[in-house]
Each structure stands twice: as structure tokens, then as C-alpha cells.
6 protein chains.
Amino acid sequence: MNEPIVEPISYEDASAAVKAVYDDILETRGIKFVPNFWRTIAHDPKLLARTWSSLKEIMHPGALDTLTKEMVAVAVSVTNGCEYCIRSHTASARKLGMTDDMLGELMSVVGMFNETNRLANGYQVEPDSVFFRKRSD
Amino acid sequence: MNEPIVEPISYEDASAAVKAVYDDILETRGIKFVPNFWRTIAHDPKLLARTWSSLKEIMHPGALDTLTKEMVAVAVSVTNGCEYCIRSHTASARKLGMTDDMLGELMSVVGMFNETNRLANGYQVEPDSVFFRKRSD
Amino acid sequence: MNEPIVEPISYEDASAAVKAVYDDILETRGIKFVPNFWRTIAHDPKLLARTWSSLKEIMHPGALDTLTKEMVAVAVSVTNGCEYCIRSHTASARKLGMTDDMLGELMSVVGMFNETNRLANGYQVEPDSVFFRKRSD
Amino acid sequence: MNEPIVEPISYEDASAAVKAVYDDILETRGIKFVPNFWRTIAHDPKLLARTWSSLKEIMHPGALDTLTKEMVAVAVSVTNGCEYCIRSHTASARKLGMTDDMLGELMSVVGMFNETNRLANGYQVEPDSVFFRKRSD
Amino acid sequence: MNEPIVEPISYEDASAAVKAVYDDILETRGIKFVPNFWRTIAHDPKLLARTWSSLKEIMHPGALDTLTKEMVAVAVSVTNGCEYCIRSHTASARKLGMTDDMLGELMSVVGMFNETNRLANGYQVEPDSVFFRKRSD
Amino acid sequence: MNEPIVEPISYEDASAAVKAVYDDILETRGIKFVPNFWRTIAHDPKLLARTWSSLKEIMHPGALDTLTKEMVAVAVSVTNGCEYCIRSHTASARKLGMTDDMLGELMSVVGMFNETNRLANGYQVEPDSVFFRKRSD
């Protein structure tokens with residue numbers, strides 16, 4: 001087991017303000033433990049409160065459903081190579097209904113466009129004028 | 001207008017093998033021009049054929065629909081900062097039905113998880129044991 | 001414990017040239033052990049000598065003080081997700097006076113601008129003309 | 001001049017909610033125009049409100065002063081290669097007192113640790129036990 | 001030992017289609033085990049077949065020899081910080097003749113240009129007109 | 001034409017120390033102009049001297065020849081998406097003998113391993129024990 005830079009703060013040791021965020025996480029997510037991510041950034045209570053509140057607003061179903069959002073989160077985390085994030089977002093997406101087949105296709109898409117991103121960059125391909133709203137060259 | 005590393009190959013100047021891929025792109029995509037990306041990597045006909053064939057297989061609707069896949073492609077391209085890719089995948093996603101509201105939420109999700117990826121990395125947060133299939137510590 | 005690609009070279013086994021760099025590291029840093037980073041790149045004595053000499057010149061207090069420089073090093077390492085670098089620069093910054101509150105704010109800043117970087121990229125935001133010295137459109 | 005993915009929203013065309021954020025940006029920053037970044041993400045009023053409110057909280061002088069925070073923002077943006085962000089944060093840091101010498105040293109530090117990050121990764125250097133709080137191997 | 005997101009598929013449990021790819025990997029590479037990478041992506045048989053077939057085509061000696069290609073693979077993996085990839089491509093390059101001196105120089109080059117990439121980005125250096133085929137300013 | 005963060009320093013306006021580096025660049029490279037990269041970082045004469053001296057040492061033919069090193073530089077720059085670096089290293093590699101076929105294969109390799117890097121990360125593939133020198137599980 002690896003060691004984080006600062007010790008995660010347990011529910012028992014948390015201040016009232018931090019405990020309030022923990023409670024909201026447990027209730028909103030319907031989980032029985034506060035994940036290490038939140039217990040770690042709790043060292044900066046403002047960072048905890050701001051991040052949780054932003055995340056709740058962003059992950060609320062809107063024009064995109066929550067599962068799509070979690071799979072986009074997996075795509076970002078895989079592209080950045082963040083282990084914690086890959087594991088936690090994959091677990092969340094699975095809970096929301098992502099099957100192994102969906103995961104396989106998601107990985108295929110993420111892999112593929114990391115490849116084509118480099119081909120486009122490497123050859124310095126000029127965006128086609130049709131991709132612009134105003135341009136007509 | 002910027003200049004690519006190698007000159008895109010026009011339909012007229014293309015070899016028969018390259019022309020066959022161009023034709024398939026035009027037909028499969030239902031578009032009237034071969035985008036610069038394909039005309040540029042056509043300098044290496046194997047790269048063109050392989051990339052187009054992989055992309056067709058990957059973007060085929062399967063466990064995930066094509067719009068979801070295009071939005072994942074946007075997410076990857078935004079995370080990597082590839083202009084061509086952002087412009088082309090955003091255009092494709094719009095053609096498939098992505099509204100401005102969906103784009104706004106997609107950007108929110110991509111932005112947010114690029115932030116939390118760094119918080120998880122920065123604090124070296126340990127993945128919770130519940131994210132593992134076997135582990136029980 | 002993980003295993004590096006090449007075995008770190010101990011002080012005892014080091015050549016005279018490598019030992020001279022080790023000695024300078026121990027004295028300049030005021031530490032009692034040669035960190036694994038230096039013992040590993042010592043396999044290429046030129047790489048060791050050049051990297052240490054560049055690092056010493058760069059980390060010398062100048063227009064920026066050393067603590068600020070170490071915190072910038074943390075920011076770079078967190079953005080890149082390099083564990084060794086995050087751990088070593090965080091430790092160095094702490095030795096130079098970085099408190100937990102400073103670390104918390106540093107993480108907040110790094111996280112935030114990794115988010116806004118993607119929003120700026122994702123929307124392909126045009127730099128305002130006021131950010132250019134000559135332009136006036 | 002390049003073209004963003006969505007048209008920036010001018011002050012005149014903005015809704016009351018968006019105008020309120022614009023006003024706060026103008027007043028807090030002491031500037032006479034709303035930068036393109038804010039006018040672009042204004043297409044998603046929640047994203048605008050949330051991002052501006054987070055940024056204000058983060059950039060408030062606390063354990064770190066605002067200039068240090070802006071230089072960290074430059075470091076992140078340079079590491080990610082985001083042009084808009086490099087230009088805007090460099091301009092902000094200069095307004096807050098960053099001299100050319102400070103910029104030169106900042107760039108040196110950012111460049112250097114992007115190099116050492118790769119050496120540490122490339123050799124898979126094991127973090128020294130002294131960088132851990134608990135470990136003693 | 002860490003745990004992958006999905007269980008690697010053993011040779012015994014593989015379907016006929018997957019087994020055929022495994023056999024080709026064993027024969028082409030002249031190895032006695034199927035590496036975890038292939039056994040993991042085998043969960044999506046199309047991903048396995050497509051990736052292996054692309055990789056075989058790409059790594060075939062052509063205008064560049066296989067060792068050069070493996071060292072480029074190391075360079076990409078080091079820049080992205082992918083541990084599995086660094087370890088496997090370094091091992092492959094060694095098998096093909098990469099000595100410790102070659103590895104040392106490879107690391108130096110990768111480190112150096114990760115540094116200069118940031119200096120070029122950070123200062124937003126304008127490409128010299130001589131680097132363009134058509135431009136003459 | 002875009003504008004760099006600081007004005008490049010012309011040969012005429014350069015200090016004696018900077019001019020000495022410029023002269024060495026012109027002579028070593030056998031070119032007739034000082035590229036913008038060097039004229040820009042010349043604002044920090046130590047950064048200029050250190051970077052040029054490191055680069056000269058690294059690019060000297062050793063265990064790897066200079067063309068291989070330049071192609072590795074292209075691979076790093078493509079992976080990072082640095083336009084200046086892609087253009088300048090591609091130009092240098094071409095001068096040293098890189099043909100269009102070699103460029104095509106180089107791009108294929110860089111693209112491919114940016115893809116497999118994400119598959120390895122995304123599935124959190126465990127490095128095979130054979131990739132370690134000591135491990136035998």
C-alpha cells in the first residue's frame with residue numbers, strides 16, 4: 001500500500017465543516033465510506049467544499065446523463081494516466097450500468113484518438129475550412 | 001493559414017490504393033470532400049489504410065452509440081490540446097446531434113476531471129480498497 | 001518496493017567522477033544520503049554531471065527565491081503526474097518552509113489551472129489582443 | 001485571427017446572470033474589458049459562475065501571495081502547452097510585478113523539471129524512503 | 001502486485017479467435033508467454049486483433065529498423081509516463097541490442113527535448129520561416 | 001505571424017556573451033541564421049548558454065547517431081504537441097537524411113504507442129515479471 005502526501009482525515013477526526021461535506025458525499029452517492037480522495041483534500045476545507053460542490057453540479061443529469069459523464073471522466077483519466085481516477089471513475093461508471101463491452105469500446109475510442117491526435121499534431125494538419133463557422137478559403 | 005509538414009494529396013493526384021480509401025471515406029461519412037487529415041497521412045498509404053480501417057471499426061455503433069464515441073473523442077482531444085482534433089470531432093458530434101448545452105456540459109466534465117486528476121496525483125491519493133476486485137485491507 | 005530500470009550506483013561503487021558529483025550533492029543540499037534519482041542517472045556520468053550542474057545553477061536564489069522555485073517544481077510534477085518528482089519536491093519545499101496551508105493552496109492553484117487550460121483549449125479561445133505587445137485589432 | 005468553437009458573448013448580449021459575473025470580473029480585476037475566456041464559457045452560465053467563483057477564492061492572497069499563484073499558473077500552462085493560458089497568466093503576473101528576470105528563471109525551472117520528470121519516469125526511479133512519512137526500509 | 005481493471009485472459013480460457021492471436025504473438029515475437037498487455041485487451045477480441053495486427057505492420061523493418069522503432073516507443077512511453085510501456089519497450093529494445101550506453105543517451109535526448117518543448121511553448125517562439133516550405137516573410 | 005512572449009534578440013543587439021553562443025550555434029550547425037528559439041531564450045543569457053551547451057553534448061554522435069537522436073526529438077515533440085519543436089526537429093532530421101518514408105514510419109510508431117500507452121494505463125495492466133530484473137512471481 002502506497003502512502004499519500006498527507007494523511008487522509010477520518011470521519012471521527014473531521015471538523016464540523018468537513019463532516020458536513022462528508023455527510024453530503026455519503027448521502028448523495030449512497031455509499032458507506034468516504035473515499036480517500038475526499039478525505040485527503042479535506043486538509044484544505046475550502047478545497048474540499050469547493051471541489052465537492054462543483055462536482056455535484058457538474059455530475060447532475062442535464063443535457064448529458066450521468067453515465068455518459070462518468071465515461072468521459074474515465075476517458076480524461078486514461079489520457080492523463082491517473083491511476084486513482086481511472087479506478088474510481090471506472091467503478092462509478094460500472095455502478096451506473098457500464099458493461100464490459102462498453103468499457104472495451106470506451107478504451108478503443110480513447111486509445112484510437114490518442115493516436116490520431118499525434119498524427120494530426122505530428123503532420124501539423126491544417127483544420128479544414130468547413131470546421132470553421134466563418135472561414136471560406 | 002498554416003502549413004502542414006507534408007502537402008496533402010488531392011483526389012486527382014492519389015494512387016489507386018489511396019483513391020479507394022478516399023472513396024470509402026466519402027461514402028461512409030456522407031461528405032463531399034476528403035478532410036485534410038486523411039489527405040495528409042495518405043503520404044504513407046499503409047498508415048492511411050490502417051488508420052481508416054481501425055477508425056471505421058471503432059466508430060461503428062456497438063455497445064456505445066456513435067455520438068457518445070464522438071464526444072469521448074472530443075474529451076481526449078481537449079485533454080491533449082490538439083486543435084485539428086477538437087475542431088473536427090466537435091463538428092462531427094454536432095452533426096450527430098450534440099447541442100450547445102451538451103457541449104457546455106461536456107467541457108465542464110473534461111475541465112473538472114483534469115482538475116481532480118491533478119489533485120489525486122498531487123496528493124498521491126491511495127485508491128480505496130473497494131475499487132479493487134480482490135483486495136481487502 | 002518497485003524496481004528501477006537500472007540499478008542505482010552506491011557511493012562505494014561509484015567512479016571518481018561520479019563520486020565527485022555525489023559529494024557536491026551531499027554538501028550543497030546538506031543531506032546525508034545520495035537520493036535514488038542521482039544514483040540512477042549516474043549510469044551515464046555525463047547525464048549526471050550535466051543535470052546536477054544545471055539544477056544547481058537554476059535553483060540558486062536569484063530573481064526568485066528557492067522555495068518559490070521548489071513549489072513551481074511541485075506544480076510541474078503534479079501536472080505531469082511524476083510520483084518520484086512529486087514526493088521529492090514536496091519534501092524539499094517543506095524543508096524550505098512550505099506549510100500544509102501553502103501546500104493546500106498550491107494544489108488548489110495547480111488543479112484549477114489544469115481545468116481552465118482545458119476550457120481554453122476546448123473552446124479554442126482566441127487570446128485577447130491586449131495580451132500581445134504589438135497587435136491592435 | 002483564429003476562431004473559437006462558440007462565439008464569445010458580448011456584454012450587451014449577455015443575460016442578467018451572465019452580466020452580473022462580467023461586472024464582478026471587471027471590478028475584481030480592475031480591467032476595462034471582459035477577456036475572451038469568460039465571454040466564451042458564458043455559453044454555459046453555470047460553468048461561468050462556478051469557474052469565476054472558484055478562481056476568485058483560489059487566487060485570493062492566503063498562505064501564498066497572488067503573484068506566486070499567477071507564476072504557478074504560468075508553470076502549469078507552459079507544461080500543458082496552452083497558448084491562451086500562457087499569454088493571459090504571463091500578462092497577469094507581469095501586472096503583479098513579475099520582471100523579465102523573474103520570467104526567465106520561471107521558464108528555466110519549468111523547463112528543467114519537465115526534463116527531470118522524464119528522467120525519473122524513464123528510469124522508474126524508486127522514491128527514497130526518506131520521502132515517506134511512515135516507511136523505513 | 002497491483003491489479004488490472006479486468007482479469008487477464010489465460011491461454012487456456014481464451015476463445016479460438018483470441019487463441020489465434022496469442023499463437024501469432026508467441027511465434028512472431030519468439031517468446032514463451034503472452035504478455036499481460038495482450039491478455040488484458042483480449043476482453044475485447046476486436047481490440048486485440050486490430051491492435052496486434054497494426055503493431056505487427058508498424059514494427060516490421062522498413063525505412064526504419066526495428067530497434068530504432070522500439071527506442072522511439074521508449075521515448076513516447078517515457079514522455080507519457082506509462083510504466084508498463086516503459087518496462088516492456090525497454091526490455092524489447094534491449095533484446096534487439098540496445099546497450100546501457102544507448103539507453104543513457106536515449107534518456108538524455110528524451111529529457112532534453114521535454115525541457116526545450118516547454119521553453120518553446122513558454123515563450124511562444126515563432127517557427128522560423130525556413131522551417132516552412134512555402135512561407136517567405 | 002504570431003508573437004512571442006519576449007522579443008527575439010538580434011545578432012546586432014546581442015551582448016558579447018550572447019554573441020559568442022550565437023557564433024557557436026552558427027558554426028556548429030553550419031547555418032546562416034540564429035533560429036528564433038535561441039534568440040528568444042537569449043533574454044536569460046544563462047539559460048541560453050546552459051541549454052546550448054547541454055544540447056551540443058547530447059546531440060553529439062555517441063552510442064546513438066545524430067539522425068536517430070533527431071527522430072527521437074521529433075517523437076517527443078509530437079507526443080507533447082509542440083509546433084515549433086515539431087517543425088524544427090523535422091527540418092533537422094530531414095537535413096540529416098530522413099526521407100518521407102522514414103517520416104511516415106516514425107509518425108506511425110509515435111501514433112501507435114500513444115494509443116497503446118492509453119490501453120496499458122486504462123486497463124492498469126500489471127508489468128509482466130519478466131520485465132523486472134529481480135522479481136520472480
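Residues numbered from 1 in each chain as written. Chains lettered and ligands numbered in written order. Predicted model: local features only at pLDDT ≥ 70, side-chain atom pairs only at ≥ 80, totals over all residues. Heavy atoms only, no water.

1. Notes on the packing of aromatic side chains
- Scanning the entire structure with this criterion turns up 30 aromatic pairs over all chains.
- Measuring from centroid to centroid gives 5.8 Å for E:Tyr84 and F:Phe131, while their planes differ by 75°, and the two rings are edge-to-face. Here E:Tyr84 is found in helix 5 (residues 83–95), whereas its partner F:Phe131 is found in the segment after helix 6 (100–122) on a different chain.
- For F:Phe131, a relative accessible area of 17% translates into the label buried.
- Three or more aromatic residues joined by ring pairs make a cluster, and in this case those are A:Phe37, A:Trp38, A:Trp52, A:Tyr84 and B:Phe131. (Phe/Tyr/Trp six-rings, centres within 6.5 Å; stacked < 30°, edge-to-face > 60°. Helix = DSSP H or I, 4+ residues; strand = E, 2+ residues; numbered from the N terminus. Buried < 20%, exposed > 50% of the residue type's maximum accessible area, 1.4 Å probe, protein only.)

2. Here we look at the interface of chain C and chain D
- Tallying the contact residues gives 68 residues for chain C and 68 residues for chain D.
- Its largest share of buried area at the contact with chain D, chain C owes to C:Phe113, C:Tyr123 and C:Phe131, together 11% of the area lost on that side.
- The tally of links between chain C and chain D comes to 2 salt bridges.
- Close ionic contact of C:Lys69 with D:Glu105 constitutes a salt bridge, the shortest N to O distance being 2.8 Å.
- If you look at where chain C meets chain D, you find 22 residue pairs in polar contact (both at pLDDT 80 or more).
- Broken down by secondary-structure element, the contributors of at least two residues to the side of chain C that touches chain D are helix 2 (36–41), helix 3 (45–59), helix 4 (66–80), helix 5 (83–95) and helix 6 (100–122) of chain C.
- At 17 residues, helix 6 of chain C tops the list of elements feeding residues into the side of chain C that touches chain D. (Contact = heavy atoms within 4.5 Å. Buried area = accessible area lost by both parts, 1.4 Å probe. Salt bridge = Lys/Arg side-chain N within 4 Å of Asp/Glu carboxyl O. Polar contact = N/O pair within 3.5 Å; in protein donor to acceptor, adjacent residues only side chain to side chain.)

3. Focus: the side chain of D:Thr79
- As for its position among the elements, D:Thr79 is in helix 4 (residues 66–80).
- Among the polar contacts made by the side chain of D:Thr79, one reaches the main-chain carbonyl oxygen of D:Ala75 at a distance of 2.8 Å.
- Excluding its chain neighbours within four sequence positions, the residues that come into contact with D:Thr79 are C:Val76, C:Thr79, C:Asn80, D:Val110, D:Asn114 and E:Arg118.

4. Examining the relation of the copies chain D and chain B
- When chain D is fitted onto chain B, the two copies agree to an RMSD of 0.0 Å after a turn of 120° and an axial shift of 0.0 Å. Here the transformation between the copies is reduced to the relation of a three-fold axis. Scanning chain D for the C-alpha nearest the rotation axis identifies D:Gly81, at a separation of 4.5 Å. (Least-squares fit on C-alpha atoms with pLDDT ≥ 70 in both.)

5. A look at the domain arrangement of chain A
Residue and element names in this part refer to chain A.
- The domains assigned to chain A are domain 1 (1–60) and domain 2 (61–123).
- Put simply, the middle of domain 1 and the middle of domain 2, counted by C-alpha atoms, are 23 Å apart.
- The largest per-residue losses of area from domain 1 upon contact with domain 2 belong to Phe37, Met59 and His60, which jointly make up 69% of the total buried on that side.
- Between domain 1 and domain 2 we count 5 residue pairs in polar contact (both at pLDDT 80 or more) in total.
- Those elements giving two or more residues to the side of domain 1 that touches domain 2 turn out to be helix 2 (36–41) and helix 3 (45–59).
- Each residue belonging to the side of domain 1 that touches domain 2 can be placed in one class, and the counts come to 5 nonpolar, 3 polar and 1 charged. (Domains from an automatic or database assignment. Nonpolar A, V, L, I, M, F, W, Y, C, P; charged D, E, K, R; others polar.)

6. Considerations on the relation of the copies chain C and chain D
- With an RMSD of 0.0 Å, the operation that places chain C on chain D is a rotation of 180° combined with a shift of 0.0 Å along the axis. Between the two chains, the operation in question is that of a two-fold axis.
- The fraction of interface residues of chain C whose copies in chain D are also interface residues reaches 100%, indicating that both copies meet through the same surface.

7. Notes on the pattern of salt bridges
- Using the criterion set out here, one finds 40 salt bridges over all chains in the structure.
- The partner of E:Asp24 in a salt bridge is E:Lys56, with the nearest N and O atoms 2.5 Å apart. One end of the pair, E:Asp24, is in helix 1 (residues 16–29); the other, E:Lys56, is in helix 3 (residues 45–59), and 32 residues separate them in sequence.
- Judged by its relative accessible area of 33%, E:Lys56 falls in the partly exposed class.
- Each of A:Glu3, A:Glu7 and D:Arg133 takes part in a single network of salt bridges with overlapping partners.

8. A few points about the state of the cysteines
Residue and element names in this part refer to chain C.
- Considering all chains together, one arrives at 6 disulfides over all chains under this definition.
- Covalent S-S linkage joins Cys82 and Cys85, the inter-sulfur distance amounting to 2.1 Å. Looking down the S-S bond of the Cys82 and Cys85 bridge, the torsion is 50°, so its handedness is right-handed.
- For Cys82, a relative accessible area of 1% corresponds to the buried category.
- When its relative accessible area of 4% is taken as the criterion, Cys85 is described as buried. (Disulfide = S-S within 2.5 Å.)

9. Some thoughts on the interface of chain D and chain B
- Each partner contributes to the interface: chain D provides 9 residues, whereas chain B provides 10 residues.
- Across the chain D to chain B interface the summed buried area is about 710 Å²; carbon plus sulfur atoms make up 46%.
- On inspection of chain D and its partner chain B, the count reaches 0 salt bridges.
- At the junction of chain D with chain B, the criterion picks out 2 residue pairs in polar contact (both at pLDDT 80 or more).
- When grouped by side-chain class, the residues that make up the side of chain D that touches chain B number 4 nonpolar, 2 polar and 3 charged.

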